[in-house]
Amino acid sequence: METGGCRMSGAEPSAPAVITLEDLDGMAEESADSAYHSNGSSLEEEAERMQDEEQERLLSYWQSVGRGHQVDVPRDMAEPIQQLTRNNNPQERQTIPFTLIQRKEKLGDLLYEKRQYGKAKWACIKMKEKQYEQSICLGFMKLMRYICEQNSSGLYLGITVPIVTIVHTNEAQSEMTQSVTVAYYLPEVLQDEPPHPFDSDIIIEEWPSTIVYSRSFRGIINEDAIMREINLLAEILESPELCLQDTFIIAGYTNPAAANRHNEIWFLQRP
């Protein structure tokens, strides 16, 4: 997940309403400008008023674009949204570490990478909405609360990329099931003792070391796009039978419903 939060677009790709990291930067600048021009109140009163106004403005913005996905953004998301906005610093986002084993190219184009990811702890939430995009947005909002202080440490945990979603297909790989798992890699400093989530739906899991075959693609992700990318990578791999046949991962480096976001499809090599 550029995963600064759940970036949600409108239902029609031709006219997306999106929450971007650039938007969040702009909002922070507007808040600073408002502070410069305010007068007539004590600094404490003005700071409190501005904080309330900022929360309302951000929440209203997220609610308006969330409706395009039939996603309700509840009022209790106001504080996590504000906190994520204030901590939106690309230099502080931690990329999940991996070892590159192989790069497969053809005529200068990268077809896929073979990587090994080490054993690590993840915060996971299972979702089962009617549409994939609803599941990932609602799932990430729950993870957002956990990241933004709703955990046993009471601290902001920081963003790691990518945010991943485990998806499943039927045996024939002809369609997806509705059940997905949205997962957040815990930063290195929290791997030994992850903070406990206040939300009982969020489970801390330790995933074993895994070899993945990764192919990059761009665009909006829905069920059709995922099945297309699964079939494409299966055709490119020399031995796709070495991988799990009904479980795949979508890795998101930009927010979940941007029109041209950076994604990867991962095939998981059998243990």
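Coordinates for the structure precede this section.
Residues numbered from 1 in each chain as written. Predicted model: local features only at pLDDT ≥ 70, side-chain atom pairs only at ≥ 80, totals over all residues. Heavy atoms only, no water.

**A look at the overall build of the protein**
- In terms of regular secondary structure, the protein is built from five helices and 11 strands.
- Just so you have it, the protein exposes about 13600 Å², and 48% of that area is on carbon and sulfur atoms. (Helix = DSSP H or I, 4+ residues; strand = E, 2+ residues; numbered from the N terminus. Areas by Shrake-Rupley, 256 points an atom, 1.4 Å probe, with all protein chains shown as cover.)

**Structural notes on helix α5 (residues 223–236)**
- Compared with an ideal rise of 1.5 Å per residue, which puts 14 residues at 20 Å, α5 spans 20 Å between its outermost C-alpha atoms and is within 8% of the ideal.
- If you check which residues of α5 are buried, you get A225, I226, M227, E229, I230 and L233.
- The inward-facing, buried residues of α5 contact β3 (109–117), α4 (132–147), β6 (163–168), β9 (210–218), β10 (243–252) and β11 (262–269).
- By the N-cap criterion, in which a side-chain oxygen at the helix start approaches the backbone nitrogen of a residue two or three places on, α5 is capped by N222, the distance to D224 being 3.2 Å. (Expected span 1.5 Å × (residues − 1). Buried < 20%, exposed > 50% of the residue type's maximum accessible area, 1.4 Å probe, protein only. Contact = heavy atoms within 4.5 Å. Polar contact = N/O pair within 3.5 Å; in protein donor to acceptor, adjacent residues only side chain to side chain.)

**So, the environment of R228**
- Tracing the chain through its elements places R228 in helix α5.
- Considered as a pair, R228 and S174 are 54 residues apart in the sequence and their alpha carbons are 9.8 Å apart.

**What about the nonpolar core?**
- One finds W122, Y132, Y184 and F267 to be the most contacted residues of the largest nonpolar core, which totals 65 residues.
- Here this core gets nine residues from one element, more than from any other, and that element is α4. (Core = buried A, V, L, I, M, F, W, Y, C linked by side-chain atoms within 4.5 Å.)

**Some remarks on the pairing of strand β4 (residues 120–127)**
- With six of eight residues buried, β4 is to be regarded as a mostly interior element.
- Across six bridges, β4 lies against strand β8 (residues 202–207) in antiparallel orientation. Each residue of the ladder has a partner; that of I125, found in β8, is I202. (Pairing = 2+ DSSP bridges.)

**Things to note about the pattern of salt bridges**
- Per the stated rule, a full pass over the model turns up nine salt bridges.
- The shortest N-O distance in the salt bridge between K142 and D201 comes to 3.2 Å. Taken together, the positions of K142 in helix α4 and D201 in the loop between β7 (180–185) and β8 put the pair 59 residues apart, joining distant regions of the chain.
- Residues joined by salt bridges that share partners form a network here, namely R103, E105, E113, R115 and E264. (Salt bridge = Lys/Arg side-chain N within 4 Å of Asp/Glu carboxyl O.)

**So, the side chain of R215**
- Looking at where R215 falls in the secondary structure, it is placed in strand β9.
- Of note is the side chain of R215, whose polar atom sits 2.9 Å from the backbone oxygen of L111.

**Notes on unusual backbone geometry**
- Note the cis peptide between V161 and P162, where omega equals 0°.
- With respect to the secondary-structure elements, P162 resides in the loop between β5 (160–161) and β6.
- In this structure, E149 is a non-glycine residue whose phi angle is positive, near 80°.
- Here E149 lies in the loop between α4 and β5.
- Residue classification places E149 among the partly exposed residues on the basis of a relative accessible area of 33%.
- Its identity is not glycine, yet Q173 carries a phi of approximately 55°, on the positive side.
- Summarising the element assignment, Q173 is placed in the loop between β6 and β7.
- Under the relative-accessibility criterion, Q173 is labelled buried at 14%.

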